[in-house]
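# Observations on chain architecture
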Amino acid sequence: MLLKNPSHQLKVALSIFFFLSSSLYLATPENKTIIRVNVGIILDDYKHSLTGKIWLSSIKMALTDFYASHALHNTKLVLNIRNSKGNVVRAANAAQHLMKHEQVQAIIGPVTSTETNFVINLGDQTHVPILSFSATSPSLTSLRSSYFFQFAQNDTSQVEAISAVVKAFGWREVVPIYLDTSYGQGIIPALTNALQEVGAFIPYRSVISPFASDDQIKEELYKLMTMQTRVFIVHMTTNDLICSKLFTKANEIGMMKEGYVWLTANGIANSLQLLNSSVIHSMHGVLGVETHVQQTPELEGLKIRWKKQFQKDNPTIIFGVELDVFGLWAYDAAFALAMAIEKVYGLTASHNNTDYKSFHVSQYGPKLRKALSTTRFQGMAGDFRLVDGQLQSSKFQIINVNGGGSRTIGFWSPEYGLWNRVYPANSKPNLGPVIWPGDSTSVPKGWEIPTNGKTLKIGVPKKYGYLEFVKVTKDPRTNITDVTGFCIDVFKAVVEILPYALPYEFIPFTKQDGTSAGSYNDLCYEVYRGNLDAVVGDFTILANRSLYVDYTMPYTEAGLVMVVPVVDMTSRRSWDFLKPWKWDLWLTTSCFFLFIGFVVWVLEHRINKHFRGPLAHQIGHGLWFSFSTMVFAQTARVISNLARLVMTIWIFVVLVLTINYTAILTSIYTVQQLQPTVTDLKDLLSKGDNVGCKPNAYTYDILKQFGFNDANLKVFRTMEELDEALSKGTAKGGIAAAIDETPYMKLFLAKYCNKYTMIGPIFKTDGFAFVFPKRSSLLPDVSQAILNVTGGEKIMNIEHEWFKKESNCQDLSVPKVSSNSLGADSFWVLFLIAGVVSLFALIVFVVLFTYKYRDIWNSEASIRSSIGAMLKIFNEKDPSYFNSDQRPEAAETSVYNNSNHTDEHSLFSGEQQVLSIEGSQEAGPEVRFTTEIEMTTPYTAH
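Residues numbered from 1 in each chain as written. Predicted model: local features only at pLDDT ≥ 70, side-chain atom pairs only at ≥ 80, totals over all residues. Heavy atoms only, no water.

Looking only at helices and strands, the protein chain features 31 helices and 30 strands. For the protein chain, restricting intrachain contacts to residue pairs at least 6 apart in sequence, the fraction spanning at least 24 positions comes to 73%. (Helix = DSSP H or I, 4+ residues; strand = E, 2+ residues; numbered from the N terminus. Contact = heavy atoms within 4.5 Å.)

See the structure below:
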């Protein structure tokens with residue numbers, strides 16, 4: 001019953017614990033010796049620096065916790081603390097002194113990457129492991145020292161997280177701001193590569209001296225304000241005084257207002273709470289990449305115990321101090337070192353095996369190095385695991401500084417990228433809401449027109465032909481230059497719909513005398529050299545130019561086309577009447593005429609005089625009857641209902657065929673047929689004809705590559721020159737065809753539409769576009785605006801204004817030089833219906849005829865004799881349709897002369913009579929024949 005009481009359970013557990021502890025203590029020999037192992041610690045002014053005090057306190061607490069959790073430990077670390085005061089020489093001297101005089105087995109520190117770089121060499125010489133919890137520069141790992149252990153996150157591990165943030169908000173240019181130290185410079189190569197992978201570019205690097213004054217910092221910031229880029233990545237530490245000065249001065253001169261973006265690396269974000277509150281307030285809206293540390297009950301307990309101990313050891317520090325991630329790494333480093341030393345030195349009574357005076361190596365150095373490399377435990381900063389002497393930790397959280405503190409807006413990991421919660425499975429691949437500088441909630445576009453009011457210099461070419469695209473004129477009286485044209489109007493329309501004002505001025509690419517200053521390639525190169533901010537005109541997107549400039553989206557049609565003269569093909573040939581139908585349709589129709597004629601003959605042979613008589617007469621009449629349906633000239637009438645059904649369907653088919661044939665034949669003989677003189681570029685090459693193109697154009701190079709000689713390539717500058725050359729032809733020194741881009745040829749055909757036609761495209765191009773510098777911030781917005789202009793009515797209005805058609809022009813589209821002949825596939829459904837109905841009628845007739853004379857099949861005669869008898873009966877007249885008292889011709893004539901009602905009544909009555917007679921199984925053929933004659937007598941004409 002006592003065990004059910006919680007207080008009694010606790011008492012029992014405590015009794016068992018103390019009993020086991022006493023047993024272990026009694027089991028330990030009284031003369032046990034604790035091996036004291038000297039360990040060096042190098043910090044920066046740990047007596048006065050707040051960070052130094054925090055880190056030293058963390059190291060001491062780690063050793064206290066280790067020995068408390070390892071009651072049977074055989075070693076104890078003796079801390080030998082030295083102060084480097086942030087000086088490289090002092091750090092190296094301190095390390096050397098610790099190794100020679102204090103005989104330390106390992107060194108924790110120094111703090112900075114520059115100091116650590118020197119100490120690593122000493123560690124390699126003496127085989128003394130160097131453990132760094134604050135040096136994060138990637139340059140340290142490049143030293144490939146087996147005795148250096150980087151217990152802090154390498155700076156390169158965060159570059160992908162930074163680039164992911166840049167990509168998430170669509171920024172194209174960023175400017176890194178860093179100190180001119182090995183720590184500051186170490187991250188730049190990896191950061192540059194990571195940004196390039198997401199399409200971002202670094203146009204400028206802001207390198208600040210560690211000893212820069214306030215005026216020098218302001219001067220650098222003012223320089224940044226004159227640039228377009230508004231995204232800045234700051235890579236410093238909170239220990240650097242420059243960090244506080246940078247954000248304070250940026251806030252003072254107005255660089256913390258709306259439109260600016262500040263993103264800090266983890267050197268600042270990891271220790272943000274150590275900055276002065278005024279500095280944090282000046283960082284309002286800043287984003288930061290911070291090392292993510294999973295919150296656990298053990299970590300919360302450590303923070304509480306550490307805070308109490310820190311306040312006890314430092315009573316003069318009255319404001320709140322938090323344990324940052326560097327303090328956690330210092331804790332894990334000391335804990336790991338204690339574990340490794342216990343593993344190596346705990347099994348021996350002596351460890352002084354190093355002659356430090358002569359800098360000989362220790363035999364325990366390799367063992368301690370191996371022990372540290374294989375140490376695994378769940379540290380306070382996360383899973384403690386080393387690979388090649390480097391801590392494996394790569395998860396980050398994205399913070400937003402506002403309200404005097406920071407809040408987490410997302411997380412990043414190599415496996416899942418950016419997420420807005422800790423666990424990606426329950427999260428979305430984006431960030432939470434951000435408050436940007438200036439209390440804005442709108443995502444900054446990342447660039448702006450410089451604050452100095454700079455007007456963009458837009459270069460335009462000086463043209464001598466096709467001035468509808470770009471025309472540069474200068475008023476001699478006012479000396480004012482005017483630039484007009486299709487390309488200029490498109491650019492103006494694009495600028496009008498940009499979401500911001502874009503001041504610009506057109507700069508003609510001309511010499512002092514007003515002539516052109518160079519080719520289109522030369523003009524593009526002026527953009528590359530920085531003399532022009534952009535180029536507007538009829539610039540084709542070419543691969544060689546894209547090596548040093550960028551193009552916007554094209555705003556015209558693409559492709560090289562060929563313009564050739566047209567000739568009228570009105571003269572007709574004797575066999576043109578066959579063109580409306582293809583040969584398969586002619587063949588199919590002819591076969592169906594024969595088939596329909598045969599079916600009608602079978603159905604009408606016994607009852608219709610027109611399908612009787614000599615064999616030649618029957619064949620001729622059947623063919624004539626069938627083919628005469630094409631012009632609906634048949635005179636003979638069909639009598640049986642089955643034949644009427646077949647003819648109804650077939651006449652409808654013939655009607656559809658006739659209508660289509662008539663329509664196409666009419667167009668062939670009446671519509672003017674303009675055909676190009678040539679349709680293939682290879683024909684021009686094989687005939688040796690001359691081909692025209694514009695001078696200094698890449699079209700010339702394409703034609704050369706195609707195989708044309710210089711003698712066959714003629715250049716033209718204006719549309720008038722082109723018209724004259726095409727009119728002459730090759731024989732008179734002109735050209736047989738002109739090759740140029742679609743917009744030029746459309747403009748040419750708008751003026752000469754009745755003389756020439758356009759073939760192609762024969763070569764692929766990407767159209768006209770505007771030219772900007774490489775990775776220009778304006779490029780995405782201008783391209784988007786071009787899509788809006790070309791996708792609406794605006795571009796149509798601009799084209800109509802500059803590419804007006806002549807009054808007698810009907811269409812600028814490329815003529816379709818193709819046959820309008822119809823094939824059997826166009827009417828297969830009609831032929832299918834006609835064939836099925838005809839076969840159906842034929843089958844019904846055969847079944848009824850066979851059934852009517854079924855007694856012939858029931859006789860004992862052979863099959864051959866029965867078939868012969870059936871064919872003989874089929875060749876005879878059907879008595880039910882003829883009068884025995886009259887001549888068959890008169891009877892048939894009387895039947896034809898009756899009204900439709902009489903015909904239908906006689907056929908229907910006759911059929912009924914036949915069926916009734918067929919019911920008599922005993923009557924012979926003679927009796928049946930007589931009876932049928934008698935029954936048909938009442939239906940003869942009176």
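Time to look at the confidence of the model for the protein chain. Considering every residue of the protein chain, the mean pLDDT works out to 79; 83% of them sit at 70 or more. The model gives residues 1-30 a pLDDT under 50, and that stretch makes five contacts with residues more than four places away or in other chains. Every residue in residues 353-358 scores below 50 in pLDDT, and together they form 15 contacts with partners more than four places removed in sequence or on other chains. (pLDDT = per-residue confidence, 0-100.)

Of note, Met-256 is situated in the loop between helix H9 (241-252) and strand E9 (261-264). Separated by 183 residues in the primary sequence, Met-256 and Asp-439 place their C-alpha atoms 9.7 Å from one another. Residues contacting Met-256, with those up to four places away along its chain left out, are Phe-247, Ala-250, Asn-251, Trp-262, Ser-282, Met-283, His-284, Val-286, Pro-437 and Gly-438.

Before going further, it helps to spend a moment on the pairing of strand E20 (residues 481-484). Residues in a regular strand point their side chains to alternate faces of the sheet. Across four bridges, the pairing between strand E19 (residues 471-474) and E20 is antiparallel. Among the inter-strand pairings, Lys-474 is bridged to a residue of E20, identified as Thr-481. (Pairing = 2+ DSSP bridges.)

Another aspect to go through is the nonpolar core. Within the largest apolar cluster, 59 residues are counted, with the highest numbers of intra-cluster contacts made by Ile-108 and Leu-337. A total of 16 residues in this core trace back to one element, the largest contributor, which is helix H13 (residues 325-345). Once residues within four sequence positions are removed from consideration, Ile-108 is found in contact with Val-39, Gly-40, Ile-41, Ile-42, Ile-59, Leu-131, Phe-133, Ala-334 and Leu-337. Counting residues in hydrophobic clusters, the runner-up holds 54 residues, among them Tyr-500, Val-561, Met-745 and Phe-770. (Core = buried A, V, L, I, M, F, W, Y, C linked by side-chain atoms within 4.5 Å. Buried < 20%, exposed > 50% of the residue type's maximum accessible area, 1.4 Å probe, protein only.)

Relative orientation of the contacting elements helix H5 (residues 159-168) and helix H7 (residues 188-197) amounts to 35°, with a least axis distance of 9 Å. Where H5 crosses over H7, the two elements pack in a sense that is right-handed. Between H5, through Val-159, Ile-162, Ser-163 and Val-166, and H7, the contact on the second element is made entirely by Ala-190, Leu-191, Ala-194 and Leu-195. Looking at the contact of H5 with H7 residue by residue, the class counts come to seven nonpolar, one polar and no charged. (Axes fitted to C-alpha atoms, helices over the stretch in contact; angles between N-to-C directions. Left-handed = near helix turned anticlockwise from the far one by under 90°. Nonpolar A, V, L, I, M, F, W, Y, C, P; charged D, E, K, R; others polar.)

Here we come to a nonpolar patch on the surface. Together, Leu-594, Leu-615, Ile-619, Leu-623 and Phe-627 give the surface a local cluster of nonpolar side chains, amounting to about 480 Å² of exposed area. No other element matches the four residues that helix H18 (residues 615-627) contributes to the nonpolar patch. Looking at Ile-619, the relative accessible area reads 49%, which means it is partly exposed. (Patch = residues over 30% accessible without salt bridge, like charges linked within 9 Å, V, L, I, M, F, W, Y side chains within 5 Å. Areas by Shrake-Rupley, 256 points an atom, 1.4 Å probe, with all protein chains shown as cover. Salt bridge = Lys/Arg side-chain N within 4 Å of Asp/Glu carboxyl O.)

Remark on secondary structure: sheet strands pair via backbone hydrogen bonds, oriented parallel or antiparallel. Spatially, eight strands are ordered E7-E6-E8-E9-E10-E15-E16-E17 in an open sheet, and the strand pairing comes out mixed. Sheet topology places strand E7 (206-208) and strand E17 (417-419) at the edges, where each strand pairs with a single neighbour. When the angles between neighbouring strand axes are averaged without regard to direction, this sheet yields 25°. Of the strand pairs in this sheet, E9 and strand E10 (residues 287-291) are connected by two bridges, and their pairing is parallel.

In this structure, Asp-522 sits in helix H16 (residues 520-529). Overall, the relative accessible area of 37% leaves Asp-522 in the partly exposed class. Remark: the alpha-carbon pair of Asp-522 and Phe-509, spanning 13 residues in sequence, is separated by 9.4 Å.

As summarised here, the arrangement of the five strands in space is E21-E18-E22-E30-E23, forming an open sheet in which the pairing is mixed. Edge positions in the sheet fall to strand E21 (504-508) and strand E23 (550-551), since each has one partner strand and no second. Relative to strand E22 (residues 534-540), strand E18 (residues 456-460) runs parallel, the two sharing two bridges. Within E22, the residue paired with Gly-459 across the bridge is Val-535.

A few words on helix H2 (residues 50-69). Between its first and last C-alpha atoms H2 spans 29 Å; for 20 residues at 1.5 Å apiece the expected length is 28 Å, and the two agree. Burial of H2 is extensive: 15 of the 20 residues sit out of reach of the surface. (Expected span 1.5 Å × (residues − 1).)

Glancing now at the side chain of Glu-342. Relative to the assigned elements, Glu-342 resides in helix H13. At a separation of 2.8 Å, a polar atom in the side chain of Glu-342 contacts the main-chain amide nitrogen of Asn-74. If we ignore the near neighbours within four places in the chain, the residues touching Glu-342 are Phe-66, Leu-72, His-73, Asn-74 and Thr-75. (Polar contact = N/O pair within 3.5 Å; in protein donor to acceptor, adjacent residues only side chain to side chain.)

A few words now on the packing of aromatic side chains. A full pass over the atoms with the stated rule returns 54 aromatic pairs. Seen from their ring centres, Tyr-525 and Tyr-528 are 5.3 Å apart, and the 35° between their planes marks the pair as tilted. Pair noted here: Tyr-525 and Tyr-528 are both in helix H16, with a separation of three residues, about one helical turn. Relative accessible area serves as the criterion here: at 48%, Tyr-528 is assigned to the partly exposed category. With a centroid separation of 6.1 Å and an interplanar angle of 10°, the aromatic rings of Phe-592 and Trp-650 are classed as stacked. Of this pair, Phe-592 sits in helix H17 (residues 583-604) while Trp-650 sits in helix H19 (residues 641-670), and the two are 58 residues apart along the sequence. Classification of Trp-650 as buried rests on a relative accessible area of 0%. Among the aromatic residues, ring-to-ring pairing joins Tyr-466, Phe-469, Phe-486, Phe-491, Tyr-504, Phe-506, Tyr-555, Tyr-744, Phe-768, Phe-770 and Phe-803 into one connected group. Between Arg-369 and the ring centre of Tyr-147, over which it is positioned, the NZ or CZ distance is 5.3 Å. (Phe/Tyr/Trp six-rings, centres within 6.5 Å; stacked < 30°, edge-to-face > 60°. Lys NZ or Arg CZ within 6 Å of the ring centre and 35° of its normal.)

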